[in-house]
Amino acid sequence: MFQDVVKFLEDFGPLGLFIHAFLDAVIFPIPAFFLQVSLSLLNPTTAIWLATVGYIGCLLGTPVGYYLGKIMGKSVLYKFLKKEWIDAATEKFQKNGETAILIGSFTPIPFKVFTILSGCLNFPLWRLVGYAAIGRGLKFYIVGLLFYFYGRAAESMVKDVSLYIFIGAVPIVVLYLIIRKRRSQKKALAEQQSEPVLSEPLKQTESTTVQIDS
């Protein structure tokens with residue numbers, strides 16, 4: 001059934017990819033990656049344009065998936081997707097939502113799992129969109145660039161595109177998140193340590209005031 005929908009959307013070219021990418025971020029179980037590859041094979045010179053169309057569709061669909069999760073809860077996922085995907089994504093999300101979204105942007109786990117979970121777990125929408133923009137942008141444009149430069153020969157390359165991104169980009173992003181988290185922790189610790197120093201003069205002032213009053 002879902003394959004028939006993909007075939008139907010393929011007839012509409014870039015518009016079909018836009019719709020597919022939008023639905024991919026909401027609830028459709030087949031990733032837009034497959035339609036992007038099919039359309040890029042037909043005309044590799046349009047691959048970057050197709051990547052742009054799919055990317056925009058995905059970003060516009062991300063808030064819709066978010067509010068779907070916020071309103072309907074995680075149970076909606078079990079109606080369309082594998083339980084192991086949902087459980088794995090939930091575990092990753094609870095450990096570190098930011099890393100989960102970035103990695104989930106190009107893993108076999110459908111991206112809508114992360115958009116809906118973000119809504120269920122009240123993850124900030126602006127962060128979801130921001131990290132989705134990074135992760136999904138990498139995947140759409142790497143596929144687009146491969147087809148643009150290598151033509152139909154890129155079909156064999158894009159099978160491992162998720163692996164390429166994971167090896168190249170994910171460690172950098174994760175390292176950035178770790179550094180940012182440590183800086184935040186140091187800042188919070190410094191603020192806690194400065195509080196007693198600031199409160200001591202206030203105590204002395206209060207003591208002097210009492211003495212004068214007496």
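This text goes with the structure placed above it.
Small disclaimer: the values here were computed from a predicted structure and weren't measured. (Residues numbered from 1 in each chain as written. Predicted model: local features only at pLDDT ≥ 70, side-chain atom pairs only at ≥ 80, totals over all residues. Heavy atoms only, no water.)

1. Notes on the overall build of the chain
A count of helices and strands for the chain gives eleven helices and zero strands. Walking the chain from its N terminus toward its C terminus, one meets helices and strands in the order α-α-α-α-α-α-α-α-α-α-α. A total of 214 residues make up the chain; the buried ones form 41% of that total. Counted over contacts in the chain with a minimum sequence separation of 6, partners at least 24 positions apart contribute 75%. On the chain, roughly 12,200 Å² of surface is accessible, and the fraction owed to carbon and sulfur atoms is 65%. (Helix = DSSP H or I, 4+ residues; strand = E, 2+ residues; numbered from the N terminus. Buried < 20%, exposed > 50% of the residue type's maximum accessible area, 1.4 Å probe, protein only. Contact = heavy atoms within 4.5 Å. Areas by Shrake-Rupley, 256 points an atom, 1.4 Å probe, with all protein chains shown as cover.)

2. Brief notes about the nonpolar core
One broad trend across soluble globular proteins is that nonpolar side chains are buried collectively. Counting residues in hydrophobic clusters, the biggest one holds 36 residues, and the most contacted among them are Leu77, Phe93, Ile101, Phe111, Phe114 and Phe140. Val37, Leu41, Phe147 and Ala154 belong to the second largest nonpolar core, which has nine residues in total. (Core = buried A, V, L, I, M, F, W, Y, C linked by side-chain atoms within 4.5 Å.)

3. Describing helix α4 (residues 47-72)
Taking 1.5 Å of rise per residue, the 26 residues of α4 would be expected to cover 38 Å, and the 36 Å separating its terminal C-alpha atoms lies within 8% of that figure. Along its length, α4 shows its largest kink, about 25°, at Gly61, and proline Pro63 lies within four residues downstream of that point. Just beyond α4, the residue with positive phi is Gly73, at close to 80°. (Expected span 1.5 Å × (residues − 1). Bend = angle between axes of the 7 residues up to and from the residue.)

4. Side note on the pattern of salt bridges
For the structure on display, the rule yields three salt bridges. For Arg136, the salt bridge identified is with Asp24, shortest N-O distance 2.8 Å. Of this pair, Arg136 sits in helix α9 (residues 125-150) while Asp24 sits in helix α2 (residues 14-24), and the two are 112 residues apart along the sequence. Side by side, Arg136 and Asp24 carry an identical accessibility label, which is buried. (Salt bridge = Lys/Arg side-chain N within 4 Å of Asp/Glu carboxyl O.)

5. Let's talk about the packing of helix α6 (residues 83-95) against helix α8 (residues 112-120)
Here α6 crosses α8 at 55°, and the two axes come no closer than 10 Å. Considered as vectors, α6 and α8 are oriented oblique to each other. Crossing of α6 against α8: the hand is right-handed. Between α6, through Trp85, Ile86, Ala89, Thr90 and Phe93, and α8, the contact on the second element is made entirely by Val113, Phe114, Leu117 and Ser118. Here the residues of the contact of α6 with α8 sort into seven nonpolar, two polar and no charged. (Axes fitted to C-alpha atoms, helices over the stretch in contact; angles between N-to-C directions. Parallel < 35°, antiparallel > 145°, perpendicular 65-115°, else oblique. Left-handed = near helix turned anticlockwise from the far one by under 90°. Nonpolar A, V, L, I, M, F, W, Y, C, P; charged D, E, K, R; others polar.)

6. Some remarks on empty space enclosed by the protein
The tally for this structure, following the rule as stated, stands at two cavities of 30 Å³ or more. Within this model, the largest cavity holds a volume of roughly 50 Å³. Only α3 (33-42) and α9 provide two or more residues apiece to the lining of the largest cavity. Here the lining of the largest cavity gets three residues from one element, more than from any other, and that element is α9. Residues belonging to the lining of the largest cavity are distributed by class as follows: four nonpolar, one polar and three charged. (1 Å grid on protein atoms, 1.4 Å probe; cavity = no way out; pocket = protein on both sides within 12 Å on 5 of 7 lines; lining within 4 Å. Points joined across faces, edges and corners; volume = space filled by probe spheres on them.)

7. Quick notes on a nonpolar patch on the surface
Taken together, Phe8, Phe12, Leu15 and Ile19 make up a surface patch of nonpolar side chains, about 380 Å² in accessible area. Within the fold, Ile19 resides in helix α2. (Patch = residues over 30% accessible without salt bridge, like charges linked within 9 Å, V, L, I, M, F, W, Y side chains within 5 Å.)

8. Here's the deal with the side chain of Gln36
Summarising the element assignment, Gln36 is placed in helix α3. Overall, the relative accessible area of 1% leaves Gln36 in the buried class. Here the side chain of Gln36 touches Phe140 through a polar contact of 2.8 Å, landing on its backbone oxygen. With sequence-adjacent residues up to four places away left out, Gln36 is seen in contact with Leu17, Ala51, Phe140, Val143 and Gly144. (Polar contact = N/O pair within 3.5 Å; in protein donor to acceptor, adjacent residues only side chain to side chain.)

9. What about the packing of aromatic side chains?
Throughout the structure, instances matching the rule amount to five aromatic pairs. Between the aromatic rings of Tyr55 and Tyr141, the centroid separation amounts to 5.7 Å while the plane-to-plane angle is 70°, which identifies the pairing as edge-to-face. Taken together, the residues Tyr55 in helix α4 and Tyr141 in helix α9 connect sequence positions 86 residues apart. Taking the ring centre of Phe33 as reference, the NZ or CZ of Lys139 above it sits at 5.0 Å. (Phe/Tyr/Trp six-rings, centres within 6.5 Å; stacked < 30°, edge-to-face > 60°. Lys NZ or Arg CZ within 6 Å of the ring centre and 35° of its normal.)

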